[in-house]
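Survey of secondary and tertiary structure
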Amino acid sequence: MNQNEDKARMILQLRQAGITDATILNAMESVPRELFVPEQLLASAYADGALPIGHGQTISQPLIVAHMVEALEVNEQSKVLEIGTGSGYHAAVLAGLCRRVYSVERVRDLRLQAEQRFKQLKIHNVITKVADGTKGWPEQAPFDGISVTAASAEVPPALLDQLGPNGVLLAPVGPEDQQMLVRMRRTEEGFSREELAHVRFVPLRQGLARDSEMTR
Ligand code: SAH
């Protein structure tokens, strides 16, 4: 197993799939995905798919992460909110592209593991908390971008409220088995809405994780 080769292949696949922005490709290249997957799945770290990370959750597929960071239209000035820290991978990629990333996770243990990874990688511009992400992070609003990485029937209204002028929100919207990745943008008149792609994410759940969910 050669992780550098695997990573080079992943970057090539991203290019072939239409990700051409060098800033984004560099950001993806600089994050060691192998640190974000469970040890027994190391060999698949760079395969283009979602992988289980425990607690019934998954680390997103590289191509989806790349499409989402591209669609979020962020730059080094941007202040971004992520809902669903999970492994921390998507936040780590965003950290290389934005000024600051706020990320909310409802499962305590996942947040803890993600924090350890950020520390190990000396990523200092990601701030996390355990909370119900459907409420956003009002104390830190407004955000230039909001990236929701868990699926819901509707975009949580509290998140739209926390978008700044011209801010962009991405969210998988639809039933549990398949969703549409929706991009909402705050305009002078209200919000614009675009449908970008079919995606499949784990559900966005209300409230904090209970102990019964912690062991899965
Ligand atoms: N972005 C992650 C993948 C996220 S999977 C990565 O790169 O690895 C979706 C995550 O959303 C899961 O970790 C799940 O626990 C979390 N989640 C689900 N509902 C939530 C909510 N209401 N608030 C915060 N996090 C939530």
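The text that follows walks through the structure, step by step, so that each part is easy to find.

1. Points about the packing of aromatic side chains
Aromatic rings considered in pairs are described by the distance between their centres and by the relative angle of their planes. Evaluated as defined, the whole model comprises three aromatic pairs. When the centroid spacing of 5.7 Å and the interplanar angle of 75 degrees are considered together, the rings of F36 and Y89 count as edge-to-face. On the criterion of sequence distance, the pair formed by F36 in the loop between α2 (22–29) and β1 (51–54) and Y89 in helix α4 (residues 89–95) is long-range, its members being 53 residues apart. When the ring of Y102 is compared with that of W137, the centres are 5.2 Å apart and the planes differ by 75 degrees; the resulting orientation is edge-to-face. Here Y102, found in strand β4 (residues 100–105), pairs with W137, found in the loop between β5 (126–130) and β6 (143–148); they are 35 residues apart in sequence, far enough to count as distant. Assessed through its relative accessible area of 6%, Y102 is described here as buried. With relative accessibility at 9%, the residue W137 sits in the buried group.

2. Remarks on the pattern of salt bridges
This model, assessed by the stated rule, comprises six salt bridges. E73 is the partner of R183 in a salt bridge, and the nearest nitrogen-oxygen pair spans 3.2 Å. Remark: E73 occurs in the loop between α3 (62–71) and β3 (79–83) and R183 occurs in strand β8 (residues 179–186); sequence separation between them is 110 residues. Classification of R183 by relative accessible area gives buried; the value is 12%. Residue classification places E73 among the partly exposed residues on the basis of a relative accessible area of 44%. Sharing partners across several salt bridges, the network here consists of E73, R183, R185 and E194.

3. What about the environment of R15?
Here R15 is to be found in helix α1 (residues 3–16). Classification of R15 by relative accessible area gives partly exposed; the value is 48%. Distance in space between the C-alpha atoms of R15 and L25 is 8.1 Å, their sequence separation being 10 residues.

4. Some remarks on the pairing of strand β7 (residues 163–173)
Taken across its 11 residues, β7 has nine buried, putting it largely inside the fold. Bridge analysis of β6 against β7 gives four bridges, and the strand direction is parallel. From the neighbouring strand, S147 faces β7, where its bridge partner is L170. When β7 meets β8, the two strands line up antiparallel, connected through six bridges. Of the residues in β8, the one forming a bridge with A171 is V182. Turn length for the β7-β8 hairpin, with the two strands adjacent in sequence and antiparallel, is five residues, and the turn residue G174 shows positive phi of about 150 degrees.

5. A short note on the side chain of Q179
Along the chain, Q179 falls in strand β8. Residue Q179 is classed as buried on the basis of its relative accessible area of 2%. From its side chain, Q179 meets the backbone oxygen of E176 in a polar contact 3.2 Å long.

6. Digging into the side chain of R117
Inspection of the secondary structure puts R117 in helix α5 (residues 108–120). It turns out R117 is buried and unbridged, and the closest side chain with the opposite charge, D109, is 8.7 Å from it. In contact with R117, not counting residues within four places along its chain, are L35, F36 and S87.

Scoring rules and cut-offs
Note on numbering: residues in each chain are counted from 1, in written sequence order. Local features in this predicted model are restricted to residues whose pLDDT is 70 or higher, and side-chain atom pairs enter the listing and the counts only when it is 80 or higher, whereas totals over whole chains, interfaces and linings include all residues. Hydrogens are left out, water is left out, and the side-chain values use all remaining heavy atoms of the structure. Each pair of aromatic rings taken from Phe, Tyr and Trp, with Trp reduced to its six-membered ring, is defined by centres within 6.5 Å and is described as stacked if the planes are under 30 degrees apart, edge-to-face if over 60, and tilted in the remaining cases. Per the convention used, a helix needs a DSSP run of H or I reaching at least four residues, while a strand needs a run of E reaching at least two, with both numbered from the N terminus. A 1.4 Å probe rolled over the protein chains alone gives each residue an accessible area, and that area as a share of the maximum for its type sets the label: buried under 20%, exposed over 50%, partly exposed in between. Salt bridges are defined by distance alone: a side-chain nitrogen of Lys or Arg within 4 Å of a carboxyl oxygen of Asp or Glu. Strands are labelled as partners when DSSP assigns at least two bridges between them. Pairs of N or O atoms within 3.5 Å make up the polar contacts considered here, provided that, within protein, one atom can donate a hydrogen while the other can accept it, and that residues adjacent in sequence are counted only when both atoms are side-chain atoms. All tallies of charge rest on Lys and Arg as positive and Asp and Glu as negative; His and the ends of each chain are not included. We call two residues contacting when some pair of their heavy atoms lies within 4.5 Å.

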